[in-house]
Amino acid sequence: MALLEIRKVTRRFGSYTAVDNVSISVETGEFFTLLGPSGCGKTTLLRMIAGFDMPDSGQILLDGEDMMGTPPEKRPVHTVFQTYALFPHMTVSDNISFPLKMAGNTPRDIQSRVMEALDNVRLSNFGNRFPHELSGGQKQRVAFARGLVNRPRLLLLDEPLGALDAKLREEMQIELINLQKNVGVTFVFVTHAQNEALALSHRIAVMNQGNVEQVDEPSKIYGFPRNRFVADFIGKISMINALVVETTPSHLKLDIAELGEVTTISKEGIKVGDKGVMAIRPEQVRISHPSDEVVLKNHFLGTVHDLLYVGDVTTYIVELANGAHIKALLPNSAPGRAKFFEVGDRVGVSWRQDAGIFLND
Amino acid sequence: MKRSNKWLWSAAAVVYAFLYIPLAIVVVYSFNDSRLNAEWAGFTLSWYKALFNNKEMLTAARNSLIIALSASLGATVLGTMAGLAIHRYKLKVLPVLVFTPVAMPEILLGVSLLLFFLQVLNLTLGMISIIIAHTTFCIGFVAIIVRARLQGMDESIFEAARDLGASRWQTFRLVTLPLILPAVIAGALMSFTLSIDDFVITFFTKGVGEPILPIQIYTMIKVAVTPEVNAISTLLMLLTLIMIIIASKLEGSAASDGISRKETG
């Protein structure tokens with residue numbers, strides 16, 4: 001049985017449907033992420049799991065028990081808020097012991113568990129500090145410790161890394177993965193940052209306008225996005241209009257107007273005559289000199305239209321014969337060299353037959 | 001110093017002189033060894049002595065203290081509840097209802113309370129009616145201060161308390177109240193100072209017999225401005241000043257103790 005089961009949950013605010021008939025199940029021990037742009041309903045869903053908001057219809061089950069009407073304090077669920085929400089008038093130790101006191105633990109038990117929790121987040125010497133005496137990252141760790149100290153069945157995390165700068169965020173991501181592994185508590189993590197979701201999660205639910213577009217492992221979400229929204233939202237991708245002309249058990253043959261035929265891997269439910277796009281990630285596209293011999297079948301000539309140097313890699317935007325643009329990524333393996341091609345250069349682009357995917361309209 | 005600055009400073013000096021010289025004169029003459037407020041005849045504490053031998057004045061002071069303490073206590077409890085309610089339930093009509101008495105002319109409040117006590121409640125005017133009246137006009141002040149404090153706070157702090165297992169009451173007792181306490185105390189002190197020197201509303205809602213300090217002072221100066229009046233005024237001024245200083249310190253602390261939204265966010 002799933003630890004958390006969300007069954008056909010809908011939540012409306014006036015005429016606006018924030019969460020629209022969503023069903024998700026989360027397994028024990030999982031690091032599960034709700035990913036989507038702002039306003040997609042992920043935070044509303046999280047608030048309903050925590051008990052701050054109630055669904056208009058549908059059920060939220062925890063360990064098989066319907067949570068409808070159970071107030072937040074009675075749910076074995078804790079939340080780490082985006083603003084950390086530490087109690088400003090209490091020391092770090094008092095903040096962390098708060099849930100233990102509420103649960104009626106003995107003072108001796110509380111003391112040893114607070115020490116352990118402080119140790120877990122490497123803040124052993126900070127017990128007597130007040131929140132305003134801590135840095136952003138330290139506050140964040142106190143919030144984690146407070147949320148985990150009495151071992152909730154579920155820890156909800158509402159964009160907890162959003163307020164940190166980029167470098168600190170990366171450190172905290174690694175810390176978060178280790179923390180979850182060590183304590184074994186199930187995490188439901190909300191974020192709008194797709195790279196964070198990919199880096200942290202066991203599974204991701206991509207949400208858009210109150211709906212769940214796809215639930216999958218990170219590599220599946222990235223590699224096989226179910227539709228154009230997911231493809232576009234996660235990572236970078238080039239999409240070129242295409243028509244299905246042939247289907248085999250292993251491959252699809254697509255016709256791209258004024259360009260030619262492309263082969264991609266097969267996909268269920270696609271038939272000849274379907275219209276859509278051929279989608280391919282920049283790192284899957286090889287870029288070469290037009291005279292180079294290329295063994296790959298999906299091979300076209302084009303002109304470098306634009307390029308973007310970001311240090312480790314350069315992205316080349318290549319205009320194909322039919323005017324479509326395709327992105328190709330090239331690592332800058334030669335030291336001190338920012339680019340291998342210039343804008344206006346004639347180049348060849350190619351990719352494996354199992355690299356591109358077809359997304360129908 | 002720039003020319004415009006000079007003008008500003010002089011204008012400010014004139015305004016402050018106008019405000020504080022009369023008060024200073026009252027203080028100075030309360031120590032003047034002369035019955036007349038005309039010239040300085042040497043330092044004395046005899047007017048303060050006379051004051052503490054004046055039975056009626058002492059009764060008036062005692063009554064005023066009882067009223068101010070009761071009214072500020074009542075107004076603090078009710079005003080805090082009102083401030084919390086206004087903050088939590090975003091009803092448009094609630095703030096209007098609570099804050100109107102603050103802006104209402106005192107004379108109007110006095111007359112309407114008088115009619116209400118006599119004709120609706122059939123109450124005999126006295127200490128009780130004054131306490132109720134003072135509580136009424138102080139609630140709004142407390143509510144305004146408490147709400148201002150709440151507005152600067154991160155809402156998720158209160159949700160976090162519930163989330164971590166605290167009931168509504170525990171959340172109030174362990175988190176909300178400690179956080180708004182400076183505002184609550186400031187509101188109480190403000191109510192006290194408003195109540196202890198209130199003349200208009202007290203005048204309308206007092207019965208016969210019980211002497212009340214501001215009315216008593218007024219009665220005394222009808223005869224003559226005696227140094228005794230200067231003495232009691234000085235004491236009253238001192239008390240009010242202390243309360244105001246504490247209240248403004250507490251209100252100001254809200255911005256600097258790290259609980260504002262900007263710092264947590």
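Computed from a prediction, not measured in an experiment: that's the story for all the values here. (Residues numbered from 1 in each chain as written. Chains lettered and ligands numbered in written order. Predicted model: local features only at pLDDT ≥ 70, side-chain atom pairs only at ≥ 80, totals over all residues.)

**Looking at the overall build of chain A**
Put simply, the rule is: Put simply, DSSP marks the helices as runs of H or I at least four residues long and the strands as runs of E at least two long, and each gets a number from the N terminus on. Three classes are used. A residue is buried when 20 or more other C-beta atoms lie within 10 Å of its own, exposed when 12 or fewer do, and partly exposed in between, with C-beta atoms placed from the backbone. Whether two residues are in contact depends on their C-beta atoms, placed from the backbone: they are in contact if these lie within 7 Å.
Along chain A, the regular secondary structure elements total 8 helices and 20 strands. Burial status across chain A gives 39% buried among its 361 residues. Considering only residue pairs separated by 6 or more positions, chain A has 64% of its internal contacts joining residues 24 or more positions apart.

**Some details on the overall build of chain B**
Across its full length, chain B holds 12 helices and 0 strands. Element order for chain B, N to C, with α for helix and β for strand: α-α-α-α-α-α-α-α-α-α-α-α. Each principal axis of the C-alpha atoms in chain B carries an extent, and together these give about 70 × 65 × 30 Å. The buried share of chain B, taken over its 265 residues, is 37%. Taking contacts inside chain B between residues at least 6 apart in sequence as the whole, the part at least 24 apart equals 79%.

**Topic: the sheet that holds strand β16 (residues 298-309) of chain A**
Residues and elements named next belong to chain A. Filter applied, for reference: Only strands joined by at least two bridges in the DSSP assignment are considered to pair. To obtain each axis, a line is fitted to C-alpha atoms, and for helices this fit is confined to the stretch in contact; angles are then taken between N-to-C directions over 0 to 180 degrees.
Taken in spatial order, the 5 strands make up an open sheet running β15-β19-β16-β17-β18, and their pairing is antiparallel. This sheet does not close on itself; its edge strands, each paired only once, are β15 (286-288) and β18 (325-331). Neighbour to neighbour, the strand axes of the sheet diverge by 45 degrees on average, direction disregarded. As paired elements, strand β17 (residues 313-320) and β18 share 7 bridges and run antiparallel to each other. Its bridge partner lying in β18, Val 318 is registered against Ile 326.

**Points about the pairing of strand β2 (residues 16-26) of chain A**
Residue and element names in this part refer to chain A. As paired elements, strand β1 (residues 4-13) and β2 share 7 bridges and run antiparallel to each other. The partner of Arg 12 across the bridge, within β2, is Thr 17. In textbook terms, the turn of a hairpin is the stretch between consecutive antiparallel strands, and for β1 and β2 this stretch comprises 2 residues, one of which, Gly 14, has a positive phi near 65 degrees.

**Observations regarding the domain arrangement of chain A**
Rule in force here: What marks off one domain from the next here is an automatic or database domain assignment.
The domain architecture assigned to chain A consists of domain 1 (4-228) and domain 2 (236-360). Placing a centre on the C-alpha atoms of domain 1 of chain A and another on those of domain 2 of chain A gives a separation of 39 Å.

**A look at the packing of helix α2 (residues 92-102) of chain A against helix α3 (residues 107-120) of chain A**
All names here are of chain A. Which entries qualify depends on this criterion: If an angle is under 35 degrees, it is roughly parallel; if it is over 145, roughly antiparallel; if it lies from 65 to 115, roughly perpendicular; otherwise it is oblique. Left-handed describes a crossing whose near helix is turned anticlockwise from the far helix by less than a right angle; the clockwise case is right-handed. Residue classes follow a fixed rule: Ala, Val, Leu, Ile, Met, Phe, Trp, Tyr, Cys and Pro count as nonpolar, while Asp, Glu, Lys and Arg count as charged, and any other residue, Gly among them, counts as polar.
One can describe the packing of α2 onto α3 by two numbers: an axis separation of 10 Å at closest approach and a directional angle of 125 degrees. In this view, α2 runs oblique relative to α3, as classed from their interaxial angle. Between α2 and α3 lies a crossing of right-handed hand. Facing Ser 93, Ile 96, Ser 97, Leu 100 and Lys 101 of α2, the residues of α3 in contact are Ile 110, Arg 113, Val 114, Ala 117 and Leu 118. Split by residue class, the contact of α2 with α3 holds 6 nonpolar, 2 polar and 2 charged.

**Section: the environment of Leu320(A)**
Residue and element names in this part refer to chain A. Following the sequence through the fold, Leu 320 ends up in strand β17. Through-space distance from the C-alpha of Leu 320 to that of Phe 300 is 7.3 Å; in sequence the pair is 20 residues apart. Apart from residues no more than four positions distant in its own chain, Leu 320 is found in contact with Leu 259, Phe 300, Gly 302 and Ile 326.

**Regarding the sheet that holds strand β20 (residues 357-360) of chain A**
All names here are of chain A. The 5 strands are arranged β13-β12-β11-β14-β20 in an open sheet whose pairing can be described as antiparallel. Two strands lie at the open edges of the sheet, namely β13 (260-265) and β20, each paired on one side alone. Strand after strand, the sheet turns through a mean of 45 degrees between neighbouring axes, direction not considered. Here strand β11 (residues 238-247) runs beside strand β14 (residues 275-280); their pairing, made up of 6 bridges, is antiparallel. By the bridge assignment for β14, Ala 242 is matched with Gly 276.

**Observations concerning helix α8 (residues 168-196) of chain B**
The line we're drawing: Residue count minus one, scaled by 1.5 Å, sets the expected span of a helix. A residue's bend is given by the angle between axes fitted to the 7 residues ending at it and the 7 residues starting at it.
The terminal C-alpha atoms of α8(B), which comprises 29 residues, lie only 35 Å apart, well short of the 42 Å expected from a rise of 1.5 Å per residue. Where α8(B) bends most, at Leu181(B), the angle is about 55 degrees, and the proline Pro182(B) comes one to four residues later.

**Regarding the environment of Phe341(A)**
Residues and elements named next belong to chain A. Locating Phe 341 in the fold gives a position in the loop between β18 and β19 (346-351). Residue class for Phe 341 comes out partly exposed when judged on the 19 C-beta atoms lying within 10 Å of it. As for Phe 341 and Ala 279, which are separated by 62 residues in sequence, their C-alpha atoms are 23 Å apart. Contact partners of Phe 341, with chain neighbours within four places excluded, come to Ile 287, Val 304, Tyr 316 and Val 347.

**So, the interface of chain B and chain A**
At the junction of the two partners, chain B supplies 21 residues and chain A supplies 21 residues. Of all the secondary structure elements, the ones that give two or more residues to the side of chain B that touches chain A are α7 (156-163), α8 and α12 (261-264) of chain B.

**Topic: the packing of helix α3 (residues 55-88) of chain B against helix α4 (residues 93-103) of chain B**
What describes two packed helices is the angle between their axes and the distance between those same axes. Residue and element names in this part refer to chain B. Remark: α3 packs on α4, axes separated minimally by 9 Å, with the N-to-C direction vectors making an angle of 155 degrees. Judged on the interaxial angle alone, α4 and α3 are roughly antiparallel. Helix-helix and strand crossings are classified by hand; for α3 and α4 the assignment is left-handed. In contact with Ala 82, Ala 85 and Ile 86 of α3, α4 contributes Leu 94, Pro 95 and Val 98. In the contact of α3 with α4, the residues fall into 6 nonpolar, no polar and no charged.

**Side note on helix α5 (residues 106-120) of chain B**
Residues and elements named next belong to chain B. Quick reminder of the rule: The arc under discussion is defined with respect to the helix axis, by the directions toward the C-beta atoms.
For α5, built from 15 residues, the straight-helix expectation of 21 Å at 1.5 Å per residue is met to within 8% by its first-to-last C-alpha distance of 20 Å. Taken as a whole, α5 has its buried residues at Leu 109, Gly 110, Leu 113 and Phe 117. Summarising the axial view, the buried residues of α5 lie within an arc of 100 degrees, below the 170-degree limit, and thus occupy one face. Across α5 from its buried face, at more than 90 degrees, point the exposed residues Ile 107, Leu 108, Leu 115, Gln 119 and Val 120. Directly beyond the C-terminal end of α5, a positive phi value near 55 degrees is found at Asn 122.

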